[in-house]
Amino acid sequence: MDEIHKMLAEVGVGSLEDLFSDIPKEVRTQLQLPDGIDEISLEREIRAILQKNRKLTDFASFLGGGIYNHYVPEAVNEIIGRQEFYTAYTPYQAEISQGVLQSIFEYQSMVCELTGMDCANASMYDAATALGEAALMARRIKDGSEFIIPSAISSSKKSVLSNYTRGMGLKIVEVPFREDTGTIDLEKLKEKVSTATCGVYIENPNYFGCFETELKAVREICNVPLVVGVNLLSLAVVKPPSEYGADIVIGNSLLGAGPTFGGPLAGIFAAKKAHLWKMPGRIVGYTHDSEGRMAFCLTLQPREQHIRRAKATSNICSNETLSAIASLAYVSLMGRTGLKEVAIASMKNARKLQAKLRETGVKLKFEKGTIFNEFVYLMDTDFLAFAKEHGVLAGIPLEKGLGIENGILCAVTEMNTDEEIEKFAGLCKKYSQTHGGA
């Protein structure tokens, strides 16, 4: 108590009550802390508490919705764990950051090769911020007051997009999806496109996991900048967006990173060369130094730290270098063949699960749609808790605003075994028998 009195005297208050007088009594609590213990006992106690945690590897995971459980080779973590990558921040000084700049240059080249686009930036924060930047870029390319998106995209993307466009007075117009295929309704799209439209956003595969199969028609309808959201892995097996007229391509460079609490991620951002000077973020370029040696430098950095605010295209003052390098390391290690094998394995496993669910009587939504590695099934969403109790993370419930009652989105990757798929289907059957299914 002497210590307390001395401290109170030092700060000039008469009692503990006076010290905490600014805190309302109704929100105060009495902490019942135990007496101090030695370090060994403390560690033992903390380990006992941590035993309550359950890791993703304790479950058969079928979670998706933008973040997927792909295998990450140990070599990826070894590479990004090097101190020049792990501790590096923004490489302003080209003369001392050649390694990081080259790795970003190679990342940009990888994004261009997969998307088929002419140029890519050093990355954005994630796909949501990339979408916001793409909407503003579309408006820089084509004047207008409306930006069109599918009604079926994640609410987090919609929220970020709204934050980006509100101050610009850009109205977000939504187009519904077809009930049979889950793809965008072309007739409704035609009705929405007008002289006020400055850009159209579409995802392929879309939020329901279905490929948009009428992209040529979408391009013909939209005589405005077309923004395409992609799953980078899917580009190992399908046409790149450049082949169906995309002006801007965005997405998450989620390869090489585990689904740890939803990230970390890097947002990919690529565009046609004609739009290069409208792009946000930074671009690393290849050049030569004064002695003719190979060198890398920041070629484009149209942000307000470097140019006049009125001329800046973005307020994002950094990029996700470590996540971008992780993605680059993953693709480099896997190569063309390995990347294609992972994509095909994920697609095959998704179709295996679809077939098993049909056998058990579970209804699938969008049966006429062509999926990549995700699909929607219909089941009482309480099933998710039931499945979790039995070691299966059976998907995520669809957002209610989409109007699909008891819709659950599940994803399947190369990590899911036949035993896990059998277990998933078995739990569906067991739950339906006891609870009546959807």
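Up top is the structure these notes are about.
Residues numbered from 1 in each chain as written. Predicted model: local features only at pLDDT ≥ 70, side-chain atom pairs only at ≥ 80, totals over all residues. Heavy atoms only, no water.

1. Concerning the pairing of strand β5 (residues 197-204)
Thinking step 1. Here β5 lies mainly inside the structure; eight of its eight residues are buried.
Thinking step 2. Bridge count for strand β3 (residues 146-150) against β5 is three bridges, and the pairing is parallel. The residue bridging Glu146 from the neighbouring strand is Thr197, located in β5.
Thinking step 3. Two elements, β5 and strand β6 (residues 226-231), share five bridges in a ladder whose sense is parallel. When the sheet's bridge partners are listed, Val200 is paired in β6 with Leu226.
Thinking step 4. As for the winding sense of the linkage, the β-α-β connection from β5 through helix α10 (residues 215-221) to β6 is right-handed. (Buried < 20%, exposed > 50% of the residue type's maximum accessible area, 1.4 Å probe, protein only. Helix = DSSP H or I, 4+ residues; strand = E, 2+ residues; numbered from the N terminus. Pairing = 2+ DSSP bridges. Right-handed = clockwise from strand over helix to strand, strands pointing away.)

2. Overview of a nonpolar patch on the surface
Thinking step 1. Together, Val11, Leu16, Leu19, Phe20, Ile23 and Val27 line one region of the surface with nonpolar side chains, adding up to about 530 Å² of accessible area.
Thinking step 2. Its place among the elements puts Leu16 in helix α2 (residues 16-19).
Thinking step 3. Classification of Leu16 by relative accessible area gives partly exposed; the value is 42%. (Patch = residues over 30% accessible without salt bridge, like charges linked within 9 Å, V, L, I, M, F, W, Y side chains within 5 Å. Areas by Shrake-Rupley, 256 points an atom, 1.4 Å probe, with all protein chains shown as cover. Salt bridge = Lys/Arg side-chain N within 4 Å of Asp/Glu carboxyl O.)

3. Thoughts on the environment of Tyr286
Thinking step 1. Tracing the sequence through the fold places Tyr286 in strand β9 (residues 283-288).
Thinking step 2. Looking at Tyr286, the relative accessible area reads 45%, which means it is partly exposed.
Thinking step 3. Along the sequence, Tyr286 and Gln102 sit 184 residues apart, while their C-alpha atoms lie 8.2 Å from each other.
Thinking step 4. With near-sequence residues (within four places) excluded, Tyr286 lies in contact with Phe105, Met294, Ala295 and Phe296. (Contact = heavy atoms within 4.5 Å.)

Just geometry here; none of it tells us what the structure is for.
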